[in-house]
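A look at the structure
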Amino acid sequence: EKIGRNMVSEETTNADLIRCVVIHSKIGGNLLLEKFYSTPGEDLPDAFARSKWKEALHDDVRVTMKGREPAEEQVYVGRLRSHNVVWACHGELLVQVVGCGVYDHLALEEVLKTLIAVIKLLSKQKTVSEATFLANFGKISLGLDEVVHLGQVETLDKDQVYKAIKLKSATK
């Protein structure tokens, strides 16, 4: 089933790609960051398709948890159509990563753990609140781009990401 007019077609769903990274506030459900990726020549999802993705991801969390409180940094896995989904909570954040092809649950789990480690490192906090995330939004966005670039994993080394962010900050 397609979600929206620009969504992934059956021909491209098997591409080796991280489809999206979505970060919500666990408490209020506020969307803090979303990043969607597409294969070359494929349009990114439009606003309607992105909202359908986020709704489906929210439903996946709700169904997985069945009313229970998620454990801190426990990785949960799921499927969304032909895509692999992993997510975890950290502090007040809910971080979700969706991929397909070689980005199976194990690969996505490594990306997820790296993203959480980068968020903690850049925020200089062991537990990150929504306010702390927003205060460090620019650095965290750059960190995400260092970990995942154009839907492909660039690095899983949080220290390398930290050094790259410091270098970019020093040149400005």
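Residues numbered from 1 in each chain as written. Predicted model: local features only at pLDDT ≥ 70, side-chain atom pairs only at ≥ 80, totals over all residues. Heavy atoms only, no water.

With respect to the pattern of salt bridges
- Applying the stated criterion across every chain, the model contains six salt bridges.
- A salt bridge links Lys 54 to Glu 34, with the nearest nitrogen and oxygen atoms 2.8 Å apart. Within this pair, whereas Lys 54 is found in helix H1 (residues 47–65), its partner Glu 34 is found in strand E2 (residues 31–36), the two being separated by 20 residues in sequence.
- Connected through shared salt-bridge partners, Glu 34, Arg 50 and Lys 54 make up one network. (Salt bridge = Lys/Arg side-chain N within 4 Å of Asp/Glu carboxyl O. Helix = DSSP H or I, 4+ residues; strand = E, 2+ residues; numbered from the N terminus.)

Quick notes on the layout of surface pockets
- If you add up the space inside the largest pocket, you get close to 340 Å³.
- Forming the walls of the largest pocket are 18 residues, and the residues nearest its centre are Lys 26, His 58, Val 61, Arg 62 and Leu 94.
- Elements with a minimum of two residues in the lining of the largest pocket: strand E1 (17–25), H1 and strand E5 (93–100).
- A total of five residues in the lining of the largest pocket trace back to one element, the largest contributor, which is H1.
- Class assignment for the residues of the lining of the largest pocket results in seven nonpolar, seven polar and four charged. (1 Å grid on protein atoms, 1.4 Å probe; cavity = no way out; pocket = protein on both sides within 12 Å on 5 of 7 lines; lining within 4 Å. Points joined across faces, edges and corners; volume = space filled by probe spheres on them. Nonpolar A, V, L, I, M, F, W, Y, C, P; charged D, E, K, R; others polar.)

Things to note about the sheet that holds E1
- Within the open sheet, the five strands sit side by side as E2-E1-E5-E4-E3. Their pairing is antiparallel. Pairing within the sheet leaves two strands with one partner each, and these edge strands are E2 and strand E3 (76–80). Strand-to-strand twist in this sheet, taken as the mean axis angle between neighbours without regard to direction, amounts to 15°.
- Relative to strand E4 (residues 83–90), E3 runs antiparallel, the two being bridged by five bridges. Residue pairing in the sheet places Tyr 76 in a bridge with Trp 87 of E4.
- Its contacts with the sheet put helix H2 (residues 105–123) on E1, E3, E4 and E5, and the angle it makes with E4 is roughly 30°. (Pairing = 2+ DSSP bridges. Axes fitted to C-alpha atoms, helices over the stretch in contact; angles between N-to-C directions. Contact = heavy atoms within 4.5 Å.)

Some remarks on empty space enclosed by the protein
- Across all of its chains, the model carries two cavities of 30 Å³ or more by this definition.
- The volume enclosed by the second largest cavity comes to roughly 40 Å³.
- As for the second largest cavity, its lining consists of Val 21, Ile 23, Leu 115, Val 118, Ile 119, Ile 140, Gly 143 and Leu 144.
- Broken down by secondary-structure element, the contributors of at least two residues to the lining of the second largest cavity are E1, H2 and helix H4 (137–147).

Some thoughts on the environment of Tyr 103
- Along the chain, the position of Tyr 103 falls in the loop between E5 and H2.
- Of the residues examined, Tyr 103 reaches a relative accessible area of 9% and is grouped as buried.
- Separated by 19 residues in sequence, Tyr 103 and Leu 122 have C-alpha atoms that sit 25 Å apart.
- In this structure, Tyr 103 is in contact with Asp 16, Leu 17, Ile 18, Asn 84, Leu 108, Gly 151, Gln 152 and Val 153, ignoring residues within four places of it in sequence. (Buried < 20%, exposed > 50% of the residue type's maximum accessible area, 1.4 Å probe, protein only.)

Keep in mind these values describe shape, not function.
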